[in-house]
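Structure at a glance
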Amino acid sequence: MLETYLTPIAKQNDSEQFNLLKDPSIPISTEGIKYSGSKLKLLPYILSVVHSLPVKRILDGFSGTTRVSQALAKCDYQVIANDLAVWSKVFGECYLKGKKSNPLQEKIDYLNSLKGYIGWFSEYYGGKANGGLSLHSDGKKKIWQIHNTKKLDAIRPEIDKVAESSVEKSILLTSLILALDKVDSTLGHYASYLREWSPRSFNKVKLLMPLMETKSSHHKVMNKDIFQVLRKVKVDLSYFDPPYGSNNEKMPPSRVRYASYYHVWKTICLNDEPELSGKTNRRTDCNDRVAGSVFEEFRKNTEGEFIALKAIEKLIKECSSPYILLSYNNGGRATKEEICEIISKQCKKAHIFSIDYKRNVMSGMRWTYDWTKTKEGKNIEFLFLMEK
């Protein structure tokens, strides 16, 4: 029979507090881009849970910006980071395979010194500060000001030339992406851009050395469907942070497709000058109909069951690790009660924690809030710790 504990871990002054979380303020430095659903604020809680368990080898099944993988690696766990996104693999290779001693500062200085020119990226993603509007001659809003896309056009092909290994290339690409993320003119994703230039977009892009402080060299980076990964790896704990399908029936599906949100990072990593479409010049292979995850799906199957919920059920069922840690938001397609019902069929014990923290900038925007707010009006993050 399933044992379940519901614990509000944000209330640390409660004398009755379940003591699984030993220190929810563990200081760990990680890097990443602006990201919808980022687990940056959740890291102390995740680490506290993991530290309480007899585990050494951990799978981060939906690694995204790799913040969780970075934190786990810095705590000396052996990490397998997996994500379908090409740019996530690049981040993983940088932070899990890169060495702090890599002599790349000279190459980064060289890339920063390059003179910019108008190339493919400037044509499609660069705009001039015409009266403060982020528009180009084609009348479309743009991600970056032209002075930064000119540098991007100069730097990107040179990375392929100066990188001496796949890991070196990933380190330099990560440096470039982090730098561009600091000077964009967006809401934090690339499904729409700001009409007026953001103050940060006037700054000049500058590459810096990523913070690579991994203690072990035995980490692994994968770029596969999670169900393929589960059949190949053996770990002590699997951490899952799947993309969330919205629980709001009116929410346009294009707003929850991560491939669409971050299409430009894929283009920068591949440097393939893809076919583009729409007002935001999105890659056609990142179209919502061809690039969505089953976990983001808001529709029901022929049997009347939510597809995203069935995917979570399959995920837990096929995972063979002794421990599973699932993070999920109350704005997701599945409810806490539905997930608990799934867990009760697959696991012998579960600890359930809820964290209510201030919304990040993305979810604080009105257009997002109107779609994702719950009946309580609160943004609640749940951590489900399962023992199989």
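Below is a summary of the structure that appears in this document. (Residues numbered from 1 in each chain as written. Predicted model: local features only at pLDDT ≥ 70, side-chain atom pairs only at ≥ 80, totals over all residues. Heavy atoms only, no water.)

With respect to the overall build of the protein
Across its full length, the protein holds 15 helices and 13 strands. Taking all 388 residues of the protein together, 56% fall into the buried category. Taking the intrachain contacts of the protein between residues at least 6 apart in sequence as the baseline, contacts between residues at least 24 apart amount to 76%. Carbon and sulfur atoms make up 50% of the accessible area of the protein, which totals about 17700 Å². (Helix = DSSP H or I, 4+ residues; strand = E, 2+ residues; numbered from the N terminus. Buried < 20%, exposed > 50% of the residue type's maximum accessible area, 1.4 Å probe, protein only. Contact = heavy atoms within 4.5 Å. Areas by Shrake-Rupley, 256 points an atom, 1.4 Å probe, with all protein chains shown as cover.)

A few points about empty space enclosed by the protein
Empty space left among the atoms is revealed by rolling a probe the size of a water molecule over them. By the definition in use, this model includes 1 cavity of 30 Å³ or more. Of the pockets and cavities examined, the largest cavity occupies roughly 30 Å³. Along the walls of the largest cavity sit Tyr328, Asn329, Asn330, Ala334, Thr335, Lys336, Ile339, Phe382 and Phe384, which together make up its complete lining. Elements represented by at least two residues in the lining of the largest cavity include exactly strand 11 (323–329), helix 13 (336–346) and strand 13 (380–387). Counted by class, the lining of the largest cavity contains 5 nonpolar, 3 polar and 1 charged residues. (1 Å grid on protein atoms, 1.4 Å probe; cavity = no way out; pocket = protein on both sides within 12 Å on 5 of 7 lines; lining within 4 Å. Points joined across faces, edges and corners; volume = space filled by probe spheres on them. Nonpolar A, V, L, I, M, F, W, Y, C, P; charged D, E, K, R; others polar.)

A closer look at helix 4 (residues 105–113)
Restricting attention to buried positions, one finds in helix 4 the residues Lys107, Ile108 and Leu111. For helix 4, the buried positions fall inside an angular range of 100° around the axis, keeping them on one side. Of the exposed residues in helix 4, those oriented more than 90 degrees away from the buried face are Glu106 and Ser113. Residues of helix 4 that are buried make contact with helix 6 (146–162) and helix 7 (166–181). (Arc of directions from axis to C-beta.)

Observations regarding helix 13
The complete set of buried residues in helix 13 reads Ile339, Cys340, Ile342 and Ile343. The buried residues of helix 13 occupy an angular sector of 160° when the element is viewed end-on, so they sit on one face. Facing away from the buried side of helix 13 by more than 90 degrees, the exposed set consists of Glu337 and Lys345.

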